[in-house]
Amino acid sequence: VAAEQIEHASERNPMLAFPYTKLHNSQWNVDQAAGLVFCSQAAAERLGIDPARWIFPLAVAESNHMVPLAERRDPDRSDGARIAGAKAFELAQTSADRVAHLELYSCFPSAVRIQARELGIGTERPLTVTGGMAFGGGPLNNFVLQAVARMAHVLRADPGSAGLVSAVSGMLTKQGFSLWSSAPGAAPFATADTTSEVERALERVRVVPDYAGAASVRTYTVLYEGGAPARAVAFC
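Residues numbered from 1 in each chain as written. Predicted model: local features only at pLDDT ≥ 70, side-chain atom pairs only at ≥ 80, totals over all residues. Heavy atoms only, no water.

Draft legend 1. Seen up close, the pattern of salt bridges. This structure, assessed with the given rule, holds 7 salt bridges. Salt-bridge contacts for R204 lead to E71; the nearest nitrogen and oxygen are separated by 2.5 Å. With R204 in the loop between α6 (195-201) and β8 (219-225) and E71 in the loop between β3 (56-63) and α3 (79-92), the pair connects residues that are 133 residues apart, well separated along the chain. Across the pair D74 and R218 runs a salt bridge, and its minimum N-O distance is 3.3 Å. (Salt bridge = Lys/Arg side-chain N within 4 Å of Asp/Glu carboxyl O. Helix = DSSP H or I, 4+ residues; strand = E, 2+ residues; numbered from the N terminus.)

Draft legend 2. Here's a closer look at a nonpolar patch on the surface. A cluster of nonpolar side chains, F18, V217 and Y220, forms an exposed patch at the surface whose accessible area comes to about 310 Å². Assignment of secondary structure puts F18 in the loop between β1 (15-17) and β2 (20-21). (Patch = residues over 30% accessible without salt bridge, like charges linked within 9 Å, V, L, I, M, F, W, Y side chains within 5 Å. Areas by Shrake-Rupley, 256 points an atom, 1.4 Å probe, with all protein chains shown as cover.)

Draft legend 3. The environment of L102, seen in detail. Its place among the elements puts L102 in strand β4 (residues 101-103). Of the residues examined, L102 reaches a relative accessible area of 2% and is grouped as buried. In sequence terms L102 and A162 are 60 residues apart; their C-alpha atoms lie 8.9 Å from each other. In this structure, L102 is in contact with I121, R125, P126, L127, T128, V129, M151 and L164, ignoring residues within four places of it in sequence. (Buried < 20%, exposed > 50% of the residue type's maximum accessible area, 1.4 Å probe, protein only. Contact = heavy atoms within 4.5 Å.)

Draft legend 4. Local environment of helix α5 (residues 142-156). Helix length check: α5, at 15 residues, gives a terminal C-alpha distance of 22 Å against a target of 21 Å (1.5 Å per residue), a fit within 8%. Considering only its buried residues, α5 is in contact with β4, β5 (162-169) and β6 (174-181). (Expected span 1.5 Å × (residues − 1).)

All we've got here are geometric facts, nothing functional implied.
See below:
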């Protein structure tokens, strides 16, 4: 019976690319939608919207410096997340340990781990308010719309608290961070584009596609098809 249960479980949750199964990854075929309405405080007061429902955007920072994964010297790091994340906290005059609620973009587990590492956030605390992207809606950054809407509900239920929502594009190719609160920020709302700073910081390597000889494996994965390993990919 146990063997049959394991077999059936593996059919429902097959390996896609070692060490990740289907349920470790974003499911693109989820039909979900959300909407955000922005207005001034004066407009909210004029319309009689209860202040307990107000959510304030504190800061947004992003990097659009795009480097293919194979050209990054350290594929397990993200200068864009580190620099843009730090800038968002700086603009909002806060820090990661003072932000009560987090939604780190979770297209796959390594994305969450890398963002947490670069932001100085321990993985022992909750890193999501949505439950993650496994069935959170897609494709690509459409998920962030659902995440911000969910964060608004969480912040309303925790008056005075702040929340962080992150976004990535592709294979951690571009990075964005937004901070929100159910209370006005210590500073006016601000935005920043850290693209040029990230470009200076990110160290690139030259890809040599025809190289033959000895090498050290930097990282690897094994792709599966039909439940069986089909192809290996290695960065050396």
